[in-house]
Amino acid sequence: MMLVCPGCAQPRLLQAHVTTGQCPTMSRPQTPEQVLDNSRDYPPCKTDEDVGEGIQCSHRMLSFSDALLSIIATVMILPVTHTKISPEQFDKSIQKLLATRIAVYLMTFLIVTVAWAAHTRLFQVVGKIDDTLALLNLACMMTITFLPYTFSLMVTFPDVPLGIFLFCMCVIAIGAVQALIVGYAFHFPHLLSPQIRCSAHGTRYWRHILCLVLQGPALCLAAAIFSLFFIPVSYLLMAMVVFLPYVSKAVGWCKDRLVGHVEPPAHQVEFFTFDLHEPLSKERVEAFSDGVYAIVATLLILDICEDNVPDPKDVTERFGGSLVAALGASGPRFLAYFGSFATVGLLWFAHHSLFLHVRKATRAMGLLNTLALAFVGGLPLAYQQTSAFARQPHDELERVRVSCAIIFLASIFQFAVWTSALLQPVDTLQPAVRFGGAEHALMFAKLALYPCASLVAFVATCLLGGFSTAIFHAMQVATPFAFLLLRLLLRLALAVLRGLQGLAWPVPPAPGPTGEPDMQSGLLSAPC
C-alpha cells in the first residue's frame, strides 16, 4: 500500500517503513535549523484515503478557534469601558470601582488565554480530527462564548456570588469538554500525533495529559464553592488557574536545590509539562495575537460610530443644519481615534517585527505575550478616558496618565518577550536579532520606543501643567513618523560607525562559508 511518508514527503511502500522501523530521510542527521523548520504546527494535507475514513486536517478548525478565543478575550473590556462616569463623579469611590473592574478584567483575560493555551497544547497532541472531534471543539467554543456574559455579571454585581459561580461553571464545562477530546483521541490513536501514537507509554501519557487538563477546572470548582460564603478566596483560586504552572516550576526548582536534581523519565512527553521552555505553536500565537489587535482596532471605530454620528435634530437646532459644523464639534474625538489607532497599529507592527525573527515560542514567552495582549485589550479604555474628557479639562491629566500607564505596560511586556527569547537565542531567535546580529540594535530600538515615549508623556503630565489630551493624541499620531526617523538615524549611525571602524582597524572581513568575504556578519554589517 502506498502512503506519503511525513519525513520525506514522498510516496513509499509501507512495508519498507515497517521493515526498517523509520523513514530513511528522517534517520539522517539534521541541523538545529532543519529540526525547527521540519516541526509543523499543523498536520499535512489529508490524502484521499483520509477523506474516505472521515479524517480531516485541523488547520481551519484551529484558525476558527483562535479567532473566536481572541474575540472573547478582548470583548471582556467592554463592561469596563462602558462604565458611565461623568467628570463630576470621578471621586475616590469611582476610581476604586474602575480599578476593581480593570483587575477583574485582567484576571478573566488571563483565564481565557489559559484556555487558549490548553487548546493549543491539546492539538499539538491531537494531530488530526474527524467529525466527532470537530463537534466537541464547537461545544467547547460555545461554552467559551458565554464567558463575557458571566464576566459582565461579575463586574456589575461584585458582591453577589452568582456571577463568580457561573463563570467558574463555564470554566469547568470547558475543561470537561477538553477532557472528552483527550479521551476520544486516545480511544482512536490514528488521530494522535506520531510522537504519541508510536510511543509504548500511551496510557501513561493519557493519564498525565488528562490530569493537567483538569487542574484548572478543579481549582474553579473550589472557587465556585468558596464564592458562596467567602468571595476573596474565590478570586485567589481563580488567579491560581493562571499561575499554577509557574508556581509548580518554582517549587520544583527549590526542590532541586534542596534534594538534588532528578532526571525526568525517558518516556516523558514534550508537551503538557511545567517546563517554561516547552514549545508553543508559533503560528497559533501569531494568529491569537493578530486577532486581539484586530478586535481592539475594531472596538475603537465602533465607539466612533456609536457616539459621534450627529443626531439630525441637534444638527438642525444647534448648528443651523450644517453637518460640517456638527462634525467639527467632535474634532477632539476624531483626533483621539486616530491617535489610538496609530498606537494599536504600531504595537502590532512591533509585535510582527519581533515574531518575524522568532523561530520557536516557549511558554515563558507565551505568558509575557499574554500579559502584553491583556493591556493591549485595555487600549479602548484608554481611548474612552481621553476622548470622553477632551472638551472637559476636569481631571484631564489623570486620564492621560491612565492611558500612558496602559500603553507602557502593553509595550514593556512586549519588550520582555524579546528579552526572554534572548535567554535561549539559539532555539528561539533568528541570528539577525541575537546579540551582535545585524538587526539587533534596530529591534531594540523598535521595542523600546513605546515604553520610553509613554514614560516621557507620563512625566510630562506631572511636570507640565499645560499638557493636555490634544497634545497627547498629537504625540500618538506623530509616532509613526518617529518609527521611520528612528530607522533612518539608526542606519546612518551604523554606517558612520562602520566607516570609523574601517579607518581605525583596516582588517579584511572574515571569510564566509564559501570562502568569499562575509560582508553581512556582525553588528555593523551592511543593510540588506
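Residues numbered from 1 in each chain as written. Predicted model: local features only at pLDDT ≥ 70, side-chain atom pairs only at ≥ 80, totals over all residues. Heavy atoms only, no water.

Some remarks on the overall build of the protein
Check the secondary structure of the protein and you find 23 helices and four strands. Burial analysis of the protein (528 residues in total) assigns 45% to the buried set. The contacts in the protein between residues at least 6 apart in sequence include a share of 77% that link residues at least 24 apart. Accessible surface, the protein as shown: approximately 26600 Å² in total, 69% of it carbon and sulfur. (Helix = DSSP H or I, 4+ residues; strand = E, 2+ residues; numbered from the N terminus. Buried < 20%, exposed > 50% of the residue type's maximum accessible area, 1.4 Å probe, protein only. Contact = heavy atoms within 4.5 Å. Areas by Shrake-Rupley, 256 points an atom, 1.4 Å probe, with all protein chains shown as cover.)

Brief notes about the side chain of Asp130
Locating Asp130 in the fold gives a position in the loop between α6 (92-125) and α7 (131-145). Of note is the side chain of Asp130, whose polar atom sits 3.0 Å from the backbone nitrogen of Leu133. Among the polar contacts made by the side chain of Asp130, one reaches the side chain of Tyr184 at a distance of 2.7 Å. (Polar contact = N/O pair within 3.5 Å; in protein donor to acceptor, adjacent residues only side chain to side chain.)

Things to note about empty space enclosed by the protein
If you walk through the whole model with that rule in mind, you get four cavities of 30 Å³ or more. Roughly 590 Å³ of volume is contained in the largest cavity. For the lining of the largest cavity, the elements supplying multiple residues, two or more each, are α6, α9 (161-187), α11 (202-213), α12 (215-226), α13 (231-259) and α18 (363-376). The biggest single contributor to the lining of the largest cavity is α6, with nine residues. Of the residues assigned to the lining of the largest cavity, the class counts are 22 nonpolar, seven polar and two charged. Ser340, Thr343, Val344, Leu379, Ala382, Tyr383, Thr386, Ser403, Ile407, Phe472, His473 and Gln476 are the residues that line the second largest cavity. Mapped by element, the contributors of at least two residues to the lining of the second largest cavity are α17 (331-355), α19 (379-387), α20 (396-422) and α23 (469-504). (1 Å grid on protein atoms, 1.4 Å probe; cavity = no way out; pocket = protein on both sides within 12 Å on 5 of 7 lines; lining within 4 Å. Points joined across faces, edges and corners; volume = space filled by probe spheres on them. Nonpolar A, V, L, I, M, F, W, Y, C, P; charged D, E, K, R; others polar.)

Side note on a nonpolar patch on the surface
Nonpolar side chains collect at one region of the surface, where Leu485, Leu488, Leu489, Leu492, Val496, Leu497, Leu500 and Leu503 lie side by side and expose about 830 Å² of accessible area between them. Summarising the element assignment, Leu500 is placed in helix α23. (Patch = residues over 30% accessible without salt bridge, like charges linked within 9 Å, V, L, I, M, F, W, Y side chains within 5 Å. Salt bridge = Lys/Arg side-chain N within 4 Å of Asp/Glu carboxyl O.)

Re the confidence of the model for the protein
Should pLDDT be low for a region, the predicted coordinates there are not to be read in detail. Residues at a pLDDT of 70 or more form 76% of the protein, whose mean pLDDT is 75. Mean pLDDT values over the elements of the protein span from 37, in helix α2 (residues 32-38), up to 90, in α7. Of the regions scoring below 50 in pLDDT, residues 1-45 engages in 49 contacts with residues more than four places distant in sequence or in other chains. Counted against residues more than four places away or in other chains, residues 516-528, with its pLDDT under 50, gives 33 contacts. (pLDDT = per-residue confidence, 0-100.)

What about the side chain of Lys282?
You can see Lys282 is positioned in helix α14 (residues 282-307). Within the buried set, Lys282 has no salt-bridge partner at all; the shortest N-O distance to an opposite charge, 4.0 Å, is to Glu286. Within the structure, the side chain of Lys282 is placed 3.1 Å from the backbone oxygen of Phe355, a separation counted as a polar contact. (Lys, Arg positive; Asp, Glu negative; His and termini not counted.)

Observations regarding helix α8 (residues 147-156)
Most of α8 is tucked away: seven of the ten residues are buried. Those residues of α8 that sit buried are Leu147, Pro148, Thr150, Phe151, Leu153, Met154 and Val155.

Points about the packing of α18 against α20
In a packed pair of helices, the relevant descriptors are the angle between the two axes and the axis-to-axis distance. The contact between α18 and α20 brings their axes to 8 Å, and the two run at 165°. Classified by the angle their axes make, α18 and α20 are roughly antiparallel. Judged by the twist between their axes, the crossing of α18 over α20 is left-handed. In this structure, α18 contributes Ala364, Met365, Leu368, Asn369, Leu371, Ala372, Phe375 and Val376 to the contact, and α20 contributes Ile406, Leu409, Ala410, Phe413, Gln414, Ala416, Val417, Ser420 and Ala421. (Axes fitted to C-alpha atoms, helices over the stretch in contact; angles between N-to-C directions. Parallel < 35°, antiparallel > 145°, perpendicular 65-115°, else oblique. Left-handed = near helix turned anticlockwise from the far one by under 90°.)

Examining the packing of α11 against α12
The interhelical angle for the contact between α11 and α12, taken along N-to-C directions, is 35°, at an axis separation of 4 Å. Where α11 approaches α12, its residues Cys211, Leu212 and Val213 are matched on the opposing element by Gln215, Gly216 and Pro217.

Things to note about the packing of aromatic side chains
For the coordinates displayed, the defined rule picks out eleven aromatic pairs. Seen from their ring centres, Tyr184 and Phe188 are 4.8 Å apart, and the 50° between their planes marks the pair as tilted. Phe188 gets classed as partly exposed once you look at its relative accessible area, which sits at 31%. An aromatic cluster is present here, built from Tyr337, Phe338 and Phe341 joined pairwise through their rings. (Phe/Tyr/Trp six-rings, centres within 6.5 Å; stacked < 30°, edge-to-face > 60°.)

Some words on the environment of Ile71
Position of Ile71 relative to the elements: it lies in helix α4 (residues 59-75). Along the sequence, Ile71 and Ile295 sit 224 residues apart, while their C-alpha atoms lie 6.4 Å from each other.

What to know about the nonpolar core
Ile144, Leu147, Met238, Leu354, Val376, Leu379 and Trp418 are the most contacted members of the largest nonpolar core, which totals 95 residues. Two domains each provide a minimum of three residues to this core, namely domain 1 (58-259) and domain 2 (282-501). Other than its neighbours up to four places away in sequence, Leu354 contacts Gln414, Val417, Trp418, Met443 and Leu447. Counting 23 residues, the second-largest nonpolar core is a separate cluster that includes Ile129, Ala134, Phe186 and Leu210. (Core = buried A, V, L, I, M, F, W, Y, C linked by side-chain atoms within 4.5 Å. Domains from an automatic or database assignment.)

Points about the state of the cysteines
Per the counting criterion, the structure on display carries zero disulfides. The thiol of Cys462 is not disulfide-bonded; the next cysteine sulfur, from Cys404, is found 9.2 Å away. Judged by its relative accessible area of 47%, Cys462 is partly exposed. (Disulfide = S-S within 2.5 Å.)

With respect to the environment of Leu212
Looking at the secondary structure, you find Leu212 in helix α11. Overall, Leu212 belongs to the buried group, its relative accessible area being 17%. Here the alpha-carbon distance between Leu212 and Pro245, two residues 33 residues apart in the chain, equals 9.7 Å.

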